[in-house]
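Structural overview
Each chain, letter by letter, is given below.
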Amino acid sequence: MDLGPPTNGSLMRRTRVLVADGLPLFRVGVRSLLRRESDFELLEATDVEEATALLLGGYAEIALVDLDLPGGGGHELVARVRGRCRTHLIVWALEPSRESVLESITAGAHGFLQKEISGPGLIRALRGVAAGEAPLSRDMAGLMIAAIHGLEARSKALERAAVLSEREKEVLAFVSRGARNRDIAEALDISEFTVKRHMQNILQKLDVPSRRAAAAFYVSAYREEATA
Amino acid sequence: MTERNEPLVAVVCAVPILGEALTAALDGLAECKVIPARQPELGGLLKSLQPDAIVVDDEQEAAVAATYARFARTPVINVSLREQRLTRLEDGKWEAPDESDISPETIRNLVAGGIYGRRAN
């Protein structure tokens, strides 16, 4: 990896870590922590643009990227530089959701850490990355597995949803948002009777006992659209 | 301020990196004692430490710190990392300071103001 000349004159090769975080507290915290370690050198970036330039310039071997990095977020940075640099990209966040962990990994991140990590824990993780390991705490691994299971469930639900017509899906989308038949009829410019008929077909096709169950099914199949 | 060479700031944190950042930010102004959040008996610990100021990043612990601070008349600064804002315990009530960005400099200024404002009173 072409990282340019070492910035210190010592013979010891230091691992260059880029901390890309919009919050100065995290940059200062990592800076203070790594200053005590002789095997790390720190670079800092405050947004996606700055971090992209440093990463594509080959200046860092490890990047600790905030999930909410200003200028598009950590996923945006990972997607931009993935395959264009050899930096190990580690996303980190406060109390991340299982979806954000999975999205980071699928976007190309090599690991995921919680910002609640201890100082010694972060140092161990960074040394592990430098040695070729992928940092993922037990909690994070659990979240990833749950997210993968969630994806499987969604995929199965989407398969089941394929039996519905486009109009039935439209009706079900309204139902999942708590709309009444009258509201749906008005929104789709059809009669209330037609809405009822669509609902009967939906319940029959999905083999679910109630309107509420159909709504829950819709959310499981089209979670992002339904909760947006 | 109690009889110490340097003021003592208790940093109660759920996010240990915050403790690192504040220890660096308060260097030269105060000695920091980093206390991991969700420790049993935080109130007792604060009572024995008698800090000159408290910085906390956890809502639950902020409530415990406030209980102690109202009694000991100690300034408390609550750093909400999630909401990215600061609040300060002023006359027993949480208030947003004029500068409420969660930068190390702002926190340092608030801590200094809290410690030396208290000394002047």
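Each remark here, short or long, concerns the structure printed above.
Quick look at the structure, then. Keep in mind that this is a model prediction, so the values were computed, not measured. (Residues numbered from 1 in each chain as written. Chains lettered and ligands numbered in written order. Predicted model: local features only at pLDDT ≥ 70, side-chain atom pairs only at ≥ 80, totals over all residues. Heavy atoms only, no water.)

Some thoughts on the sheet that holds strand β5 (residues 85-90) of chain B
Residues and elements named next belong to chain B. Strands sit in the order β2-β1-β3-β4-β5-β6 across an open sheet of six strands; the sheet is mixed. Edge positions in the sheet fall to β2 (31-36) and β6 (93-95), since each has one partner strand and no second. Strand-to-strand twist across the sheet, computed as the mean angle between neighbouring axes with direction ignored, equals 20°. Here strand β3 (residues 53-56) runs beside strand β4 (residues 76-80); their pairing, made up of three bridges, is parallel. By the bridge assignment, Ile54 is partnered in β4 with Val76. (Pairing = 2+ DSSP bridges. Helix = DSSP H or I, 4+ residues; strand = E, 2+ residues; numbered from the N terminus. Axes fitted to C-alpha atoms, helices over the stretch in contact; angles between N-to-C directions.)

Some remarks on the sheet that holds strand β5 (residues 111-114) of chain A
Residues and elements named next belong to chain A. Reading across from one edge, β2-β1-β3-β4-β5 is the order of the five strands in this open sheet, with parallel pairing throughout. At either margin of the open sheet sits one strand with a lone partner, and together these are β2 (40-45) and β5. Each neighbouring strand pair of the sheet contributes to a mean axis angle of 25°, computed without reference to strand direction. Lying over the sheet, helix α2 (residues 48-56) contacts β1 (15-20), β2, β3 (62-66) and β4 (88-93), oriented at roughly 140° with respect to β2. (Contact = heavy atoms within 4.5 Å.)

A look at the interface of chain A and chain B
Across the contact, 19 residues belong to chain A and 17 residues belong to chain B. Summing the contributions of chain A and of chain B, the shared interface buries around 1400 Å²; its carbon and sulfur component is 74%. Considering only the side of chain A, the residues that lose the most area to chain B are Leu23, Leu25 and Leu94 of chain A, jointly responsible for 41% of the buried surface there. On inspection of chain A and its partner chain B, the count reaches two salt bridges. Its salt-bridge partner being Glu95 of chain A, residue Arg82 of chain B comes within 3.4 Å of it at the nearest N-O pair. Our count for the chain A to chain B interface comes out at four residue pairs in polar contact (both at pLDDT 80 or more). Of all the secondary-structure elements, those providing two or more residues to the side of chain A that touches chain B are α1 (24-35) and α5 (119-130) of chain A. With eight residues, the single largest contributor to the side of chain A that touches chain B is α1 of chain A. (Buried area = accessible area lost by both parts, 1.4 Å probe. Salt bridge = Lys/Arg side-chain N within 4 Å of Asp/Glu carboxyl O. Polar contact = N/O pair within 3.5 Å; in protein donor to acceptor, adjacent residues only side chain to side chain.)

Things to note about helix α2 (residues 42-49) of chain B
Residues and elements named next belong to chain B. The complete set of buried residues in α2 reads Leu42, Leu46 and Leu49. Along α2, the residues classed as buried sweep out an arc of 65° about the axis, all on the same side. Turned more than 90 degrees away from the buried face of α2 sit Lys47 and Ser48, all of them exposed. Residues of α2 that are buried in the fold lie against β1 (8-13), β2, β3 and α3 (59-72). Immediately downstream of α2, the backbone of Gln50 shows phi near 50°, a positive value. (Buried < 20%, exposed > 50% of the residue type's maximum accessible area, 1.4 Å probe, protein only. Arc of directions from axis to C-beta.)

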